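Summary of the model geometry
Listed below are the residues making up each chain.
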Amino acid sequence: MRAVVQRVTQASVTVDGQVTGAIDEGAGPGLLVLVGVTHDDSSGIAGKLARKLWGLRILDGEKSCEDLGAPLLVVSQFTLYGDTSKGRRPTWQAAAPGPVAEPLVDAVISELRNLGAHVETGQFGADMKVALVNDGPVTLILEL
């Protein structure tokens, strides 16, 4: 699994003009997490990613979402496995197909919630519009 993690003061995902998930400015800092899945990922890896995200100490004062009860906005992002090494058009061969990827993104979300996290989400497979205010800016790439 691959995730792009951004510390945000606010973020939202909109599908067909409707907000499906958001971190509001008044809620304090949080994390926007774009999650990509590849063919050999498993529920074990999804759980490990969730625990890493929950405890990642990148909020103010080297605190984590767990420390502060900070929210996470998790959005599926198959393009994280795009390959641009040849030509000008990315290939998506390394990205897992929807029937494989969706349950694993759901597993990340479910494990975060089991850990006590407040998790907002996008809508798997939808044409989503993501808006954010990156705080810092802080952006990390996690690969498990």
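Going by the structure above, here's the rest.
Below, the structure is looked at part by part. This one's a predicted model, so the numbers in the text were calculated from it and none came from an experiment. (Residues numbered from 1 in each chain as written. Predicted model: local features only at pLDDT ≥ 70, side-chain atom pairs only at ≥ 80, totals over all residues. Heavy atoms only, no water.)

Moving on to unusual backbone geometry. For the peptide bond that leads from Gly136 to Pro137, omega is -5°, which places it in the cis range. Here Pro137 is to be found in strand S6 (residues 128–143). At Asp16, a position not held by glycine, the phi torsion is positive, near 50°. Summarising the element assignment, Asp16 is placed in the loop between strand S1 (2–15) and strand S2 (18–23). We classify Asp16 as exposed; its relative accessible area is 74%. Positive phi, close to 55°, is recorded for Glu62, a residue that is not glycine. You can see Glu62 is positioned in the loop between helix H1 (43–55) and helix H2 (65–68). (Helix = DSSP H or I, 4+ residues; strand = E, 2+ residues; numbered from the N terminus. Buried < 20%, exposed > 50% of the residue type's maximum accessible area, 1.4 Å probe, protein only.)

Following the criterion strictly, the structure yields one aromatic pair and no others. Summarising the aromatic geometry, the rings of Phe78 and Trp92 are spaced 5.2 Å apart at their centres and angled 65° between planes, so their arrangement reads as edge-to-face. Taken together, the residues span a long stretch of sequence, with Phe78 in the loop between strand S4 (72–76) and helix H3 (98–115) and Trp92 in the loop between S4 and H3 at a distance of 14 residues. For Trp92, a relative accessible area of 37% corresponds to the partly exposed category. (Phe/Tyr/Trp six-rings, centres within 6.5 Å; stacked < 30°, edge-to-face > 60°.)

In total, this model carries six salt bridges according to the counting rule given. The salt bridge partner of Asp135 is Arg7, with a shortest N-O separation of 3.3 Å. Of the two residues, Asp135 sits in strand S6 while Arg7 sits in strand S1, which places them 128 residues apart along the sequence. Residues joined in a network through salt bridges with shared partners are Arg7, Asp60 and Asp135. (Salt bridge = Lys/Arg side-chain N within 4 Å of Asp/Glu carboxyl O.)

Here the focus is the pairing of S4. Judged by how many residues are buried, S4 sits mostly within the fold: five of five residues are covered. Of the two faces of S4, the one lined by Leu72, Val74 and Ser76 and the one lined by Leu73 and Val75 are each fully buried. When strand S3 (residues 30–36) meets S4, the two strands line up parallel, connected through five bridges. Considered in S4, the bridge of Leu34 is made with Val75. Pairing geometry for S4 and strand S5 (residues 119–121), over three bridges, is parallel. Among the inter-strand pairings, Val74 is bridged to a residue of S5, identified as Thr121. Traced from S4 through H3 to S5, the parallel crossover comes out right-handed. (Pairing = 2+ DSSP bridges. Right-handed = clockwise from strand over helix to strand, strands pointing away.)

The subject of this paragraph is the nonpolar core. The biggest cluster of nonpolar side chains holds 30 residues, and the ones touching the most others in it are Val5, Val33, Leu53, Leu72 and Leu112. Looking at this core, the elements with two or more residues in it are S1, S3, H1, S4, H3 and S6. With six residues, the single largest contributor to this core is H3. With residues near it in sequence (within four places) discarded, Val5 still touches Leu31, Leu32, Val33, Leu53, Leu56, Ile58, Val138, Thr139, Leu140 and Leu142. Counting 12 residues, the second largest nonpolar core, distinct from the first, contains Leu34, Leu73, Leu80 and Met128. (Core = buried A, V, L, I, M, F, W, Y, C linked by side-chain atoms within 4.5 Å. Contact = heavy atoms within 4.5 Å.)

Quick look at the side chain of Thr38 now. In this structure, Thr38 sits in the loop between S3 and H1. Only 2.5 Å separates the side chain of Thr38 from the backbone oxygen of Ala94, close enough to count as a polar contact. Look past the residues within four positions of Thr38 in its chain and what remains in contact with it is Tyr81, Ala94 and Ala96. (Polar contact = N/O pair within 3.5 Å; in protein donor to acceptor, adjacent residues only side chain to side chain.)

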